[in-house]
Amino acid sequence: MNTPYPLRTIEAHEFDAWARMITTTYGQDWREGSLRGARSVIEPERTLAAYDGQDIVGGASIYGRSLTVPGACTPVAGITLVAVLPTHRRRGILTAVMRRQLTELHETGGEAVAALNAAEATIYGRFGYAVASHLARLQGDKRDMTMRPDTDAGAGTLRLLDAERARPLLEKVHDTARLRTAGWVDRTEKYWDARLLDAEHTRGGATALRFVVHTEPGGEVTGYAFYRSRESTVHIVELAATTRQSYAALWRYFIDLDGHDRLTYEGAVDEPLPHLLLNPRAARTSVVDNLWVRLVDVDRALAARRYSTGLDVVLEVEDTFCPWNTGRYRLYADDDTVTCERTRTRADLRLTVAELGAAYLGGPTLAGLSAAGRIEELRPGALAAASLAFRGPREPFHVSGAAFPAF
């Protein structure tokens, strides 16, 4: 779609103007420091802006990250800080930005997968994105939360550390934990800076971050959590554990934390916590969409992940927004051998690129999407085989990487 608002990447000196557009769109006040974390992590050469004369009226940025997918890791274009000023909505600006991003990724051989967190659920489907993971918002009444007596919390110890001492330990645990869960991304130094940004105006009236670290008797650090407190509620910002014992020990810490009646946490849909409680209902959850995935190049994206069973299937894919993806592909998987190539062979399944994005991390199943009428089975048995092969060992889950609206 043509637009009278030219697009180009921003220059470094335009950051403040771009940030003002972002904060205005998100209903925030601009002040120096509001997007200080973003200033250090955005890549101006991958940050598009739409201009009305000299004014920036919309745009979006890309963070180049590494995404854990079933059985592997793959580069991902993290789409972030997408905004169009309210004065310039419904003028084709967002469509132009999305098309420019995806086309450039394709033409340059960039990341084969794009992903984002959607502020509104109705926006990104028209660009080929689909919900690939869900988030469980957990609320617990600690007065009803008692761990099962057979819970194994190990013989490790917990320590409260300040941010400076805790950070290298957090980084080490995160590097291990992220490889075990589809949807997690790597976190280099600049992203850790953004994640741990703890300016007072970002706390929402809560305390500063507190850090608790779990250490095994032999000295190995196997878990961490950081959290805030407000009005007798402990808000667990992030929790990572590389053993089931450290996971249990961290949760026991929060359940036993004095001076707090309630806790909140955003975790995986299949979070183990309820299974550790005598009363599973004490941990109430509501499920919302989490990470949205878009396959930029179907063949490269499908070949980048692994599959739970052997698979040989021909997919007929429709992609109206990125027409280079439309066509038939033979997807073959046998352990670590995966190929996805164009073919003229008769198709086994007919679907759009959105269904492939939804199933890409191993969460929503192809069978479930077919039950909603979104996939057509052309060869009997092909749907069941493909649905099983795409499934991951656990539900995918994406941990946000910053204190501001970001991937």
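Note that this is a predicted model, so its numbers are computed, not measured.

A. View of the overall build of the protein chain. Each helix and strand counted, the protein chain has 10 helices and 19 strands in total. Since a compact globule built from 407 residues should have a radius of gyration of about 22 Å, the 22 Å found for the protein chain is in line with a globular shape. On the principal axes, the C-alpha backbone points of the protein chain span a range of 60 × 55 × 35 Å. Counting only residues that meet the buried cut, the protein chain has 53% of its 407 residues in that class. Sequence separation of at least 24 residues holds for 72% of the intrachain contacts in the protein chain that already meet a minimum separation of 6. Looking at the protein chain as shown, the accessible area adds up to about 18,200 Å², and 47% of this sits on carbon and sulfur atoms. Of the side-chain charges in the protein chain, 49 are positive and 52 negative, and the distance between the mean point of each set is 2 Å.

B. Molecular detail of the sheet that holds strand S16 (residues 327–334). Taken in spatial order, the five strands make up an open sheet running S17-S16-S15-S18-S19, and their pairing is mixed. Here the strands that pair on one side only, and so sit at the sheet edges, are strand S17 (337–342) and strand S19 (376–377). Strand direction decides the pairing type here: strand S15 (residues 311–318) and S16, joined by seven bridges, are antiparallel. Following the sheet pairing, leucine 315 is matched in S16 by tyrosine 329. Where helix H10 (residues 382–390) meets the sheet, it contacts S15, S16, strand S18 (349–352) and S19, and its direction lies at approximately 100° from that of S15.

C. Seen up close, unusual backbone geometry. For arginine 90, which is not a glycine, the phi torsion comes out positive at approximately 60°. Counting through the fold element by element, arginine 90 comes out in the loop between strand S4 (72–84) and helix H3 (93–108). Owing to a relative accessible area of 75%, arginine 90 belongs among the exposed residues under this scheme. The backbone of aspartate 335 sits at a positive phi, close to 55°, despite the residue not being glycine. Classification of aspartate 335 as exposed rests on a relative accessible area of 65%.

D. Broad picture of the sheet that holds strand S11 (residues 233–241). Spatial ordering of the open sheet is given by S8-S9-S10-S11-S12-S7-S13, a layout of seven strands whose pairing is mixed. Edge strands, defined here as strands with exactly one partner in the open sheet, are strand S8 (157–161) and strand S13 (283–289). Strand after strand, the sheet turns through a mean of 25° between neighbouring axes, direction not considered. Relative to S13, strand S7 (residues 134–141) is paired through seven bridges, and the arrangement is antiparallel. The partner of histidine 134 across the bridge, within S13, is aspartate 289. Strand contacts of helix H4 (residues 163–177): S8, strand S9 (210–215), strand S10 (221–230) and S11, with the helix running at about 120° to S10, the strand carrying the most contacts.

E. Local environment of the nonpolar core. Trp18, Ile42, Ile79, Met98, Tyr124, Phe127 and Tyr129 are the most contacted members of the largest nonpolar core, which has 47 residues in total. Elements represented by at least two residues in this core include exactly helix H1 (15–25), helix H2 (36–41), strand S2 (47–52), strand S3 (55–69), S4, H3, strand S5 (113–116) and helix H5 (189–195). At seven residues, the largest contribution of residues to this core is made by H3. The residues touching isoleucine 42, leaving out its near neighbours within four places in the chain, are Ile10, Phe15, Trp18, Thr47, Ser61, Tyr63 and Leu81.

F. Just the pairing of S3, in detail. For S3, a buried count of 13 out of 15 residues is recorded, marking the element as mostly surrounded by other parts of the structure. For S2 and S3, the ladder comprises six bridges, and the chain directions are antiparallel. Across the sheet, residue alanine 50 finds its bridge partner in S3, namely glycine 58. The hairpin turn running from S2 into S3, its antiparallel successor, is two residues long, and glycine 53 in that turn takes a positive phi close to 65°. Pairing of S3 with S4 involves 11 bridges; the strand directions are antiparallel. Residue pairing across strands places tyrosine 63 opposite glycine 78, the latter belonging to S4.

G. Spotlight on the packing of aromatic side chains. With the rule as written, the count across this model stands at 14 aromatic pairs. Both rings, one in phenylalanine 211 and one in phenylalanine 226, keep their centres 5.5 Å apart while their planes meet at 45°; by these two values the pair is tilted. One end of the pair, phenylalanine 211, is in strand S9; the other, phenylalanine 226, is in strand S10, and 15 residues separate them in sequence. Plain terms: the ring middles of tyrosine 307 and phenylalanine 390 are 5.1 Å apart, the flat faces sit at 75° to each other, and that makes the pair edge-to-face. Highlighted residues: tyrosine 307 in the loop between helix H7 (298–304) and S15 and phenylalanine 390 in helix H10, separated in sequence by 83 residues. Each residue in the set Tyr227, Tyr247, Trp251, Tyr253, Phe254 and Tyr265 is aromatic and connected to the rest through ring pairs, giving one cluster. Taking the ring centre of phenylalanine 321 as reference, the NZ or CZ of arginine 99 above it sits at 4.2 Å. Over the aromatic face of tyrosine 307 sits the side chain of arginine 305, whose NZ or CZ is 4.3 Å from the ring centroid.

H. Quick peek at the pattern of salt bridges. Considering all chains together, one arrives at 26 salt bridges under this definition. Across the salt bridge formed by arginine 65 and aspartate 186, the nearest N and O atoms sit 3.5 Å from each other. Of this pair, arginine 65 sits in strand S3 while aspartate 186 sits in the loop between H4 and H5, placing them 121 residues apart in sequence. Aspartate 186 shares its class with arginine 65; the two are buried. Arginine 165 serves as the salt-bridge partner of aspartate 162, at 3.9 Å between the closest nitrogen and oxygen. Connected through shared salt-bridge partners, Glu316, Arg328, Arg350 and Glu376 make up one network.

Parameters at a glance
- Residues numbered from 1 in each chain as written.
- Predicted model: local features only at pLDDT ≥ 70, side-chain atom pairs only at ≥ 80, totals over all residues.
- Heavy atoms only, no water.
- Helix = DSSP H or I, 4+ residues; strand = E, 2+ residues; numbered from the N terminus.
- Rg over C-alpha atoms; globule rule 2.2 N^0.38 Å.
- Buried < 20%, exposed > 50% of the residue type's maximum accessible area, 1.4 Å probe, protein only.
- Contact = heavy atoms within 4.5 Å.
- Areas by Shrake-Rupley, 256 points an atom, 1.4 Å probe, with all protein chains shown as cover.
- Lys, Arg positive; Asp, Glu negative; His and termini not counted.
- Charge placed at Lys NZ, Arg CZ, Asp CG, Glu CD.
- Pairing = 2+ DSSP bridges.
- Axes fitted to C-alpha atoms, helices over the stretch in contact; angles between N-to-C directions.
- Core = buried A, V, L, I, M, F, W, Y, C linked by side-chain atoms within 4.5 Å.
- Phe/Tyr/Trp six-rings, centres within 6.5 Å; stacked < 30°, edge-to-face > 60°.
- Lys NZ or Arg CZ within 6 Å of the ring centre and 35° of its normal.
- Salt bridge = Lys/Arg side-chain N within 4 Å of Asp/Glu carboxyl O.

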